[in-house]
Every structure is written in structure tokens, then in C-alpha cells.
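Structural overview
What follows is each chain in one-letter form.
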Amino acid sequence: MPEIPPTQDSVIHARGLTKCFGAMTAVDGVDFDVAPGEAFGFLGPNGAGKTSTMRMIGAVSPVSAGTLTVFGLDPARQGARIRARLGVVPQADTLDNELTVMENLLIYGRYFGLPWNESRRRAKELLEFVQLTDRSNDQVEPLSGGMKRRLVIARALINEPALLLLDEPTTGLDPQARHLLWDRLYRLKQRGVTLCLTTHYMDEAEQLCDRLVVMDKAKIVAEGSPRQLIEQYVTREVLELRFNRDEGEVGGIAADDSAHIDHQLDGLAERIEQLPDRLLVYTADGDATAAAAFERGLRPASILVRRSTLEDVFLRLTGRSLVE
Amino acid sequence: MLALRLSPPLALTRPTRLVARNLLVYRRGWMVVVSGFFEPLFYLFSMGFGVGSLIGAVALENGSTVPYAVFVAPALLASSAMNGAIYETSNNFFYKLKYAKLYDAVIATPMSLSDVARGEILWALMRGALYVIGFLAVVGVLGLGGLGLISSPLGILAFPAAMVVGFGFAGAGMAATTFVRKWQDFDIMQLAIMPMFLFSGTFYPISAYPPALQIFVQCTPLYRGVHLIRALTTGTPDVWIAVDVLYLITMGLIGLWIVGKRLNKLLLS
């Protein structure tokens, strides 16, 4: 595992952090540090332990073992002080459906102890920031998924947090809503807000995170910047090959053919990954490899050359794809 | 700095933030509150004056007799305080806890679980107070019209006494609700509330029961509430009113303690 950066001044500092629910271990001794102003991500499939980690950082879930400090404070004893400086965007929208858009922010500000007029001032500003001003007096229920998410983000910012925790911020949103949300998060980052987010979208991790850890089965399996991870674990490019088979397997590769294809690609690629519907050929130069394979008589139904992504890193590390 | 030092401790002010939230919600849903206000009044008119006209006078525990409406009015006041507390701490609290996930969002702020519990109990008491004040106002108007239902100056204590009843049931009701898994479970709660309302010496003296049953009824919380308020409004206090107050406050405190434990298990896992 790559070296962990220095611990002093870390916004979040975790060593051997563990969370158990009965006999089940949701988070199994993870180490990480988040520096001020950084955008830090947890990338992994559902059930990898991301949400459990976020809840422990948010001081709403007791740590089972190991050490965790947030702003240098202990969540078990100083939870309220930690939460006072946190913004939390939970996976499920926990908006108050009995209140209007404006009231949601106003009351949330009150929970943080803001005076009414200050809470109202910030609420107006934040509705502007997330482009919901014209919905101020509407009920929350009829808002679209993207609007609700933006409102939750506005709510998380009412206390002007130093650290924003986002648990799968864009899951279930359409591409347009995602990009608007990313843009807002990027602006927050520029203002110096530390972001800590979980995602199972590699493009989201690549877009937003300076540094991330890949989690699988309650453990951290890799750490680094998106670029570092791709350089370290996979090649620059990927050649994707699909084969049409007549005998029953649509797009699949029969076992006897597989050996044959492997032979044709032998020496051309650093690594070959066989998926149910296609072959991933990891190589520095996708076009050159494709040409070489063609010369050896390989005739795939389709060829695609693309840059490697974190998805490939995940596949390499765990042998499984991220989104199934 | 001075203002800071004079401001009340956070443990007292934080629960009121949740009360403010509930007030905002009820600003639009005030009809629900109003319906709870009329219920005991309807009972007062139908039972107290209607049935009461057939019955005439009823003997109190000390042997003196009072008109039936005077007998039944304090019991309805106690029941009203109970109902106000139960309405809020059963269905409403359950909805906010399990469906609206309100408290999941609240505890992500500096608000603690005990702030949540205290805030909701306070709110339930405020709603109960509204019913009690409404009921007492009607009783007051009737008194001006010559239909005196409160025959003692001690009756002035009926209001704080009703708040004690409300606190006891709010704590117990909220504690019970933390064990509820589905809406149907509330039928079981009603199975405890309804007989208490009917059989706790509310509509007739418990001397109608055999001695063993009398002792059992005397151990139930609504009986203690009825006994307390009736002793005050009819001016017949005895040493047992100390037991009433102690019983109800203890019930409320134990309820709050259970709520704290249960919310910890339900929300902070």
C-alpha cells in the first residue's frame, strides 16, 4: 500500500478503524488521513463499508475498534463539537417533508444554534447557490431527485462547515443533474471546504477527488490520486474486443476459442481480462496492439480503444467490476 | 459576553429548537389540534350534563356528595391531558422516527438524542396544555353561567396537575412507541388506553368494584391522575395526592430514560 501522508493537521485521521455489527465486520481496520482542503473519496461497490465509515466520521455511529479523530477531536466524547463543524449529505435524502424548502434550511440552521435572522440570511444565499430560489416556498415532496439533492447540499452548508461528508451524492441522478452538482461541489472545494465522499462511479471519483482509497469487502485495497492508481495498477490504454459467436453464446467466448485468442494476443498485452461479454486487453498503445492482433489473424466483431479508468483499477484489484 | 453568560444552558434551549420545528409544521395543520380539543368537551356535555341529569348526585371518597357533572369534569380533564400526550408521542412520534427519518437528520447536527427526547416531550406537553387550557376555559365560562364545575379554590392547581398527568403519559407513551415496529402495534396501545379511560373512576366511583379490583385500578396511572385532579377541583385533598404526583412524575422520568436508551439503539448504530 502506498505511503500514508503525515498525520498532523489532518482533518480526519483513522488508524485500524473498525466497525462491527454483531458478527459482521463492516469496516475492517482501515487507515487513512484527509488533509485540509482536500477532496478525498471512498470508491467501492455497495456493501464495501463506505457508508459505515462515513457514519463513524459523522459522529453518529460508535467506533468498534481502532482510532478516529475528526478535527483532532474524539467522536465518542466530543461528537457535538465535531458535528457543529460538519456538513452531512446522507445517501438517502432525509429532508423534512412537513416543511417547505426555505423552512428546511431555516430550521436546520436553528439545530446548529444560529439565530433566526442569521439562519434566514444564509438560507437565502444557499438557495441562490444551489439554484432553488424560485422554489423557496414550495413543499419538498414534489421536487425532482436532483433538486432534492441540491437542497440537501444547501442544508449541509448552513453551518458553514469546514468538512463536507457526501455519501453517494449523485446516485440515481440523471447526467445533467450530476454535472450541476459536481460543479457546485467543485466551487466549494475552491473555497477551501474539505470534501470527503463515497461513490461507486469511477467518473465521479475521477472528476472530484484529489485522492481516493479503493474499498472492497470492508478493507482498503489501494490508495492514491486517480492518475496514480491508473498508472500503478493498469496500463494507459485498454483495447476492448467483442466476438460474435453463433453457437448460443451471444457475444461470449467459448472455452476452446479462448485459448486460441489468448495465443493470438500472446506478448501483445501486459494483461488480459475476460469479461462475460468482452475481452479487455491492457496495453500502452491500444491502436498498435489492435493492428498487431489483426495481423495475427484475430477477427473480433468490434474493437474499441479507450483510456484506462478507475473501473479498470478496481477490476484489477478485486477481479470484479464496480457496477454490476 | 454578558448576554452569553446570562443565556440559559444549551441543555434547556436545544430541545426548544425541535419545538420550533413542530410549531412551523402545525401552523398549517392546526385542524388536527382543534379536533382533540373538542373531544373532552363533547364527553362533558353528553356524560356530565346529559347522563348527569338522570343520575343527580354522586358520593366522593370522603362521603360528601356532588352533582354528577362536578364528579366527571376533573376525570375528563385528566383524560384529556393523557390523550394529548399520547396522540403526540404515539403516531406522530413514530412517523417522525421511522418514516420521515426526521431524527436521523437532526442528530447530524450538534443536537443530541436527549435533546430530541426532551424536545418531543416538551412539545407533547405544550399540545396537552392547549387542550387543558381550552377545557378549563369552557369550565370557567360555565361557572360564570352558574354551572360551577370547580367547587374549590384548590381548583386553580388543576392546570399544573394536568401537566403532571401529561408528563407521565408523554414519557410512557414515547417509551412504548420506541418498541413499535408497525402501525398495527398501536392497536395494542389503544387496548391499554381505552379501558383506562372508561374504568379508572372516570365515569363512576370505583367503589362499584369488588375490593381486589379496586386495588388494581388504584395502581393504574390514569386513576392516579383522575384522583389528583378531582381532589383539587372538589376541594377534597388527602395524602394520596402526593402519591399521585410522585407516581406520574416517576412514570414520565422512567419513560424518558427508556426513550434515551432505545433511541441510542435505533439511531446510533
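The rules behind each value
Residues numbered from 1 in each chain as written. Chains lettered and ligands numbered in written order. Predicted model: local features only at pLDDT ≥ 70, side-chain atom pairs only at ≥ 80, totals over all residues. Helix = DSSP H or I, 4+ residues; strand = E, 2+ residues; numbered from the N terminus. Rg over C-alpha atoms; globule rule 2.2 N^0.38 Å. Buried ≥ 20, exposed ≤ 12 C-beta atoms within 10 Å, placed from the backbone. Contact = placed C-beta atoms within 7 Å. Pairing = 2+ DSSP bridges. Axes fitted to C-alpha atoms, helices over the stretch in contact; angles between N-to-C directions. Domains from an automatic or database assignment. Nonpolar A, V, L, I, M, F, W, Y, C, P; charged D, E, K, R; others polar. Parallel < 35°, antiparallel > 145°, perpendicular 65-115°, else oblique. Left-handed = near helix turned anticlockwise from the far one by under 90°. pLDDT = per-residue confidence, 0-100. Expected span 1.5 Å × (residues − 1).

Quick look at the overall build of chain B
Along its length, chain B carries 11 helices and 2 strands. Sequence-ordered secondary structure for chain B, helices as α and strands as β, is α-α-α-β-β-α-α-α-α-α-α-α-α. In summary, chain B has a C-alpha radius of gyration of 20 Å against a globular reference of 18 Å for 269 residues, a match within 12%. Expressed along its principal axes, the backbone C-alpha trace of chain B runs to roughly 60 × 45 × 35 Å. The buried share of chain B, taken over its 269 residues, is 44%. For chain B, the share of sequence-separated contacts (at least 6 apart) that also reach a separation of at least 24 residues comes to 79%.

Some words on the sheet that holds strand 12 (residues 279-283) of chain A
Residues and elements named next belong to chain A. Read across the open sheet, the 4 strands follow the order 11-12-10-13; overall the sheet is antiparallel. A strand with exactly one partner marks an edge of an open sheet, and here the two such strands are strand 11 (271-274) and strand 13 (302-307). Going from strand to strand, the sheet's axes swing by 20 degrees on average, the running direction of each strand aside. Two strands pair when backbone bridges link them, and strand 10 (residues 237-242) and strand 12 are joined in this way by 5 bridges, in the antiparallel orientation. Bridge pairing in strand 12 links Glu240 to Leu280. This element, helix 10 (residues 286-295), spans strand 10, strand 12 and strand 13 of the sheet and lies at about 40 degrees to strand 10.

Regarding the domain arrangement of chain A
What the domain assignment lists for chain A is domain 1 (12-225) and domain 2 (235-307). Look at where the C-alpha atoms of domain 1 of chain A and domain 2 of chain A centre, and you get two points 41 Å apart.

Here's the deal with the interface of chain A and chain B
A common way to express how large an interface is: the accessible area buried when the components associate. Chain A puts 19 residues into the contact, and the matching count from chain B is 19 residues. For the side of chain A that touches chain B, the element with the highest residue contribution is helix 3 (residues 101-111) of chain A, accounting for 4 residues. Counted by class, the side of chain A that touches chain B contains 9 nonpolar, 5 polar and 5 charged residues.

Focus: unusual backbone geometry
What is expected of a backbone is that most residues other than glycine have negative phi and most peptide bonds are trans. Residue and element names in this part refer to chain A. Of note in the backbone geometry, Glu168 takes a positive phi value of approximately 50 degrees without being a glycine. Given 21 C-beta atoms within 10 Å, Glu168 falls into the buried group. Positive phi values are uncommon outside glycine, yet Ala218 reaches one of about 75 degrees. Tracing the chain through its elements places Ala218 in the loop between strand 8 (211-216) and strand 9 (219-224). Residue class for Ala218 comes out buried when judged on the 21 C-beta atoms lying within 10 Å of it.

Things to note about the packing of helix 7 (residues 158-177) of chain B against helix 11 (residues 240-267) of chain B
Angle between the axes and distance between the axes are the two parameters that describe a pair of packed helices. Residues and elements named next belong to chain B. Contact geometry for helix 7 and helix 11: axes closest at 7 Å, N-to-C directions at 30 degrees. Judged by the angle between their axes, helix 7 and helix 11 are roughly parallel. By crossing handedness, the relation of helix 7 to helix 11 is classed as left-handed. Residues Val164, Val165, Phe167, Gly168, Ala170, Gly171, Ala172, Met174 and Ala175 of helix 7 lie in contact with helix 11, whose contacting residues are Val245, Leu248, Ile249, Met251, Gly252, Leu253, Ile254, Gly255, Leu256, Ile258 and Val259. Looking at the contact of helix 7 with helix 11 residue by residue, the classes come out as 16 nonpolar, 4 polar and no charged.

Observations regarding the sheet that holds strand 3 (residues 39-43) of chain A
Residue and element names in this part refer to chain A. Strands sit in the order 5-6-7-3-8-9 across an open sheet of 6 strands; the sheet is mixed. Each end of this open sheet is capped by a strand with a single partner; those strands are strand 5 (86-89) and strand 9. Sheet twist, expressed as the average angle between the axes of neighbouring strands with direction ignored, equals 15 degrees. Two strands pair when backbone bridges link them, and strand 5 and strand 6 (residues 163-167) are joined in this way by 4 bridges, in the parallel orientation. Looking at the pairing, Val89 lines up with Leu166 of strand 6. Against the sheet, helix 11 (residues 310-318) engages strand 3, strand 8 and strand 9, with an angle of about 40 degrees to strand 8.

Some remarks on the pairing of strand 9 of chain A
All names here are of chain A. When strand 8 meets strand 9, the two strands line up antiparallel, connected through 5 bridges. From the neighbouring strand, Asp216 faces strand 9, where its bridge partner is Lys219. Adjacent in sequence and paired antiparallel, strand 8 and strand 9 are bridged by 2 residues, among which Lys217 carries a positive phi angle near 50 degrees.

With respect to the confidence of the model for chain B
With 97% of its residues at a pLDDT of at least 70, chain B reaches an overall mean of 90. For this predicted complex, the interface confidence reaches an ipTM of 0.86, while the overall pTM sits at 0.85.

Observations concerning helix 3 (residues 30-55) of chain B
Residue and element names in this part refer to chain B. Taking 1.5 Å of rise per residue, 26 residues should cover 38 Å, and helix 3 covers 37 Å from first to last C-alpha, within 8% of that figure. Looking at helix 3, one finds that the buried residues are Pro40, Tyr43, Leu44, Gly48 and Gly52. Next to the buried residues of helix 3 lie strand 2 (65-67), helix 4 (68-99) and helix 6 (113-144). Taken from the residues just after helix 3, Gly56 is the one with a positive phi, measuring 85 degrees.

Structural notes on the environment of Val239 of chain B
The topology assignment puts Val239 of chain B in the loop between helix 10 (221-233) and helix 11. Between the C-alpha atom of Val239 of chain B and that of Ala117 of chain B, which follows or precedes it by 122 residues, the distance is 32 Å.

Focus on the packing of helix 3 of chain A against helix 2 (residues 10-26) of chain B
Running from N to C, helix 3 of chain A and helix 2 of chain B cross one another at 165 degrees; their axes reach a closest spacing of 9 Å. Comparing the axis directions of helix 3 of chain A and helix 2 of chain B gives the class roughly antiparallel. In this structure, the crossing between helix 3 of chain A and helix 2 of chain B has a hand that is right-handed. Between helix 3 of chain A and helix 2 of chain B, the contacting residues are Glu103, Ile107, Arg110 and Tyr111 of chain A on the first element and Arg17, Ala20, Arg21 and Leu24 of chain B on the second.

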